[in-house]
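Overview (structure and organization)
So you can see what is in the structure, the chains are spelled out below.
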Amino acid sequence: HVRGTILTHDEVMEVIKSDRKDFVTSIRQEMTRLWDDRASDFDEIVFCGGGSTMLQEEFKALYPNARLLPDATFANVKGYLQDAQWQHADTNG
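As a starting point, this report considers the structure included with it. (Residues numbered from 1 in each chain as written. Predicted model: local features only at pLDDT ≥ 70, side-chain atom pairs only at ≥ 80, totals over all residues. Heavy atoms only, no water.)

Structural notes on the overall build of the protein
In terms of helices and strands, the protein carries four helices and two strands. Computed over its C-alpha atoms, the radius of gyration of the protein comes to 18 Å, more than 25% above the 12 Å expected for a compact globule of 93 residues. Taken along the three principal axes of its C-alpha coordinates, the protein extends 55 × 40 × 20 Å. Here the protein holds 93 residues, and 17% of them are scored as buried. Taking as baseline every contact in the protein between residues at least 6 positions apart, the subset at least 24 positions apart corresponds to 36%. For the protein, the accessible surface area stands at approximately 7400 Å², while carbon and sulfur atoms represent 55% of it. Placing the 10 positive and 16 negative side-chain charges of the protein at their respective mean positions leaves the two points 3 Å apart. (Helix = DSSP H or I, 4+ residues; strand = E, 2+ residues; numbered from the N terminus. Rg over C-alpha atoms; globule rule 2.2 N^0.38 Å. Buried < 20%, exposed > 50% of the residue type's maximum accessible area, 1.4 Å probe, protein only. Contact = heavy atoms within 4.5 Å. Areas by Shrake-Rupley, 256 points an atom, 1.4 Å probe, with all protein chains shown as cover. Lys, Arg positive; Asp, Glu negative; His and termini not counted. Charge placed at Lys NZ, Arg CZ, Asp CG, Glu CD.)

So this is what it looks like as structure tokens:
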């Protein structure tokens, strides 16, 4: 909702379209800061989280070796859940 008006999916996508390039550019800058230009040499770069689903075209354009996890929106949560289950098993097993 924006000021009481319900926006359609297309309207929302139009609003964020201009910000997508800037956001992906900032991600690339951070990856370059961390890994220099070596990121493009990696066999695979895994992107996860809800944003990765929305930005998958941009990531694939920058990094052809990018891999987007299935159900990427919940990938981080599933990982934390798995870690908690392992820790619980270690302390109670």
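Past the structure itself, the notes keep going.
A short note on a nonpolar patch on the surface
There is a patch of nonpolar side chains on the surface, built from Val2, Leu7 and Val12 and spanning about 200 Å² of accessible area. With respect to the element layout, Val12 can be found in helix α1 (residues 9-35). By relative accessible area, which is 35% here, Val12 ends up partly exposed. (Patch = residues over 30% accessible without salt bridge, like charges linked within 9 Å, V, L, I, M, F, W, Y side chains within 5 Å. Salt bridge = Lys/Arg side-chain N within 4 Å of Asp/Glu carboxyl O.)

Focus: the pattern of salt bridges
In total, this model carries four salt bridges according to the counting rule given. The residue Asp71 makes a salt bridge to Lys78 at a minimum N-O spacing of 2.9 Å. Under the relative-accessibility criterion, Lys78 is labelled partly exposed at 47%.

Some thoughts on the side chain of Arg20
Mapped onto the secondary structure, Arg20 falls in helix α1. In this view, Arg20 contacts Met13, Met54, Leu55 and Glu58; residues no more than four positions away in its chain are not counted.

Brief notes about unusual backbone geometry
For Asp71, which is not glycine, the phi torsion reads 55° and is therefore positive. Mapped onto the fold, Asp71 is located in the loop between β2 (66-68) and α4 (75-92).

Description of the environment of Phe23
For Phe23, the location among the structural elements is in helix α1. In this structure Phe23 comes out as partly exposed when scored by relative accessible area, which is 46%. Residues Phe23 and Asp71, spaced 48 residues apart in sequence, show a C-alpha to C-alpha distance of 21 Å.

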